[in-house]
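Below are the chains, spelled out letter by letter.
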Amino acid sequence: MNAMNAATTSNVETQATVPLTVVDVQRTADTIALITLRTQDGQALPGYEPGCHIDAHLTTEAGEPITRQYSLFTMSPTGNEQGLYGVEVTREHFAYGGAAAMYRLEPGDTLRISALRNNFPLAKGASRSILVGAGVGIAPIFSLARGLALADATFRVIYFASSAEKAVLSHLIEEYCADRTRNVFASGAREQQADIVRDAIREHGGDPETTHLYVCGPQGFMDGVIEVAGETLPARNIHWEAFRPTEVALAGNQCADGAFEIEFRGMSMEVPEGKSVLDVLEEEDLPIMSQCAEGTCGTCVMRVVEGTPDHRDSVFTEDQHEQGAFATCVSRSLSPTLVLERWRNALA
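Attention here is on the structure that accompanies the text. (Residues numbered from 1 in each chain as written. Predicted model: local features only at pLDDT ≥ 70, side-chain atom pairs only at ≥ 80, totals over all residues. Heavy atoms only, no water.)

## Some words on the packing of helix α2 (residues 138–150) against helix α3 (residues 170–177)
Each packed pair of helices is defined by two parameters, the angle between the axes and the distance between the axes. Selection criterion: Interaxial angles span 0 to 180 degrees and are taken between N-to-C directions of axes, which are lines fitted to C-alpha atoms, for helices over the stretch in contact. The way it works is that DSSP assigns letters per residue, a run of H or I at least four long becomes a helix, a run of E at least two long becomes a strand, and they are numbered from the N terminus. Here the word oblique covers every angle except those under 35 degrees (roughly parallel), over 145 (roughly antiparallel) and from 65 to 115 (roughly perpendicular). Rotating anticlockwise by less than a right angle from the far helix to the near helix defines a left-handed crossing, while the corresponding clockwise rotation defines a right-handed one. Whether two residues are in contact is decided by their heavy atoms: any pair within 4.5 Å suffices. Polar here means any residue outside two lists: the nonpolar Ala, Val, Leu, Ile, Met, Phe, Trp, Tyr, Cys and Pro, and the charged Asp, Glu, Lys and Arg; Gly therefore counts as polar.
Viewed as axis vectors pointing N to C, α2 and α3 meet at an angle of 15°, and their least axial separation amounts to 10 Å. On the basis of their axis angle, the class for α2 and α3 is roughly parallel. Crossing handedness for the pair α2 and α3: left-handed. Counting all contacts with α2, which are made through Ile138, Phe142, Ala145, Arg146 and Ala149, the residues of α3 involved are Leu172, Ile173, Tyr176 and Cys177. Considering only residue class, the contact of α2 with α3 consists of 8 nonpolar, no polar and 1 charged.

## Description of the sheet that holds strand β14 (residues 267–271)
Inclusion rule: In this description, strands pair whenever DSSP reports at least two bridges between them.
Overall, mixed pairing links the 5 strands, which are arranged β14-β13-β19-β15-β17 in an open sheet. Bordering the open sheet on either side are β14 and β17 (325–327), each of which pairs with just one other strand. Adjacent strand axes in the sheet meet at a mean angle of 45°, parallel and antiparallel pairs treated alike. Looking at chain direction, strand β15 (residues 301–306) and strand β19 (residues 337–342) are connected through 4 bridges and run antiparallel. Within β19, the position partnered with Val304 by the bridge is Leu340.

## Considerations on α3
Keep this limit in mind: Residue exposure (1.4 Å probe, protein chains only): buried if accessible area is under 20% of the type maximum, exposed if over 50%, otherwise partly exposed. Comment: arc refers to directions from the helix axis out to C-beta atoms.
Every buried residue of α3 is accounted for by Ser170, Leu172, Ile173, Tyr176 and Cys177. Buried positions in α3, seen along its axis, are confined to an arc of 160° and lie on one side of it. Packed against the buried residues of α3 are β2 (32–39), α2, β9 (155–161) and β10 (181–185).

## With respect to the nonpolar core
Using the following cut-off: Put simply, buried Ala, Val, Leu, Ile, Met, Phe, Trp, Tyr and Cys residues joined by side-chain atoms within 4.5 Å make one nonpolar core.
Membership of the largest hydrophobic core comes to 52 residues, with the highest contact counts inside it found for Ile35, Met102, Leu131 and Leu169. Of all the elements, α2 adds the most residues to this core, at 7 residues. When residues no more than four places from it in sequence are discounted, the contact partners of Met102 are Ile35, Ala56, Leu58, Tyr70, Val87, Val89 and Leu111. Residues Cys300, Val301, Ala325 and Val330 belong to the second largest nonpolar core, which totals 25 residues.

## Remarks on the sheet that holds strand β7 (residues 110–117)
The 7 strands are arranged β4-β3-β7-β1-β2-β6-β5 in an open sheet whose pairing can be described as antiparallel. Single-partner strands in this sheet number two, and they are β4 (65–71) and β5 (73–74). Pairing of β2 with strand β6 (residues 84–90) involves 7 bridges; the strand directions are antiparallel. Looking at β6, one finds that Ile35 is bridged to Val87.

In structure tokens form, the structure reads like this:
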């Protein structure tokens with residue numbers, strides 16, 4: 001995901017990491033950087049697939065280790081066999097520290113990464129895909145587009161940016177998706193967005209039941225696209241990825257709305273006001289892998305076996321919630337007790 005916020009946690013430091021070499025850095029308007037990375041053996045990263053993201057292990061100017069998440073896309077001309085990948089970084093996220101460290105990278109530097117995960121995969125069996133990106137949200141959209149292009153699938157990319165100068169991935173999208181792209185590079189283009197998305201969905205008279213739409217960008221932008229897509233497409237066919245927590249997720253992070261019980265491995269524990277399920281599990285020496293603490297990355301997922309959860313994350317789909325996916329860092333409970341178990345299939 002592109003620049004999803006992620007707080008460093010103690011368990012991150014124990015993860016195995018893979019070194020990547022920075023081979024190129026293109027900076028645009030002193031605000032956005034396109035960073036090209038290569039595996040040191042020139043081979044594809046195990047587990048890479050369109051829509052996935054990495055954990056980048058970085059160091060602040062003060063020498064403190066931090067971990068941040070970024071969407072990853074292949075830069076290889078015919079796929080990922082050459083081990084070339086890209087990430088997009090924007091200064092918009094400097095408040096969280098990770099982008100500043102990424103922005104300082106230069107060719108020849110080594111970036112260590114871990115945990116390729118995918119919360120934004122391509123749906124199976126789609127007859128047509130509509131990919132909509134705005135600003136830095138184009139990074140995961142381009143990743144999906146490359147996968148679809150390599151599979152010779154039917155798709156359309158719509159790329160919104162305030163100016164051509166800030167559309168840092170436009171040359172790549174034009175190269176790989178030229179006949180399937182609509183670029184909208186102008187301030188005030190939001191007024192056109194609804195009609196542009198509607199036209200793309202209706203294009204060629206596609207079947208709504210097998211047409212899938214993917215969107216990433218600022219939350220307000222995504223909300224608008226999701227609303228328009230919902231006029232035609234089933235909710236299960238609309239996919240999005242957030243790189244900042246929603247207001248609901250932030251409210252969950254505050255955890256100031258009543259206590260409840262959780263049961264895990266035969267133990268009963270109280271989750272009081274002011275603490276998350278993740279906090280309580282860690283206090284009981286039952287650590288769960290975690291990254292963002294804001295409900296945006298999906299790392300701390302557990303499964304609800306019994307009880308009624310109050311979902312406040314910005315990452316899991318309705319179908320995943322129905323499967324029991326529960327973000328322990330922000331989500332709460334609507335019932336007195338939740339029975340939890342570890343998630344086993346990594347949201348596959």
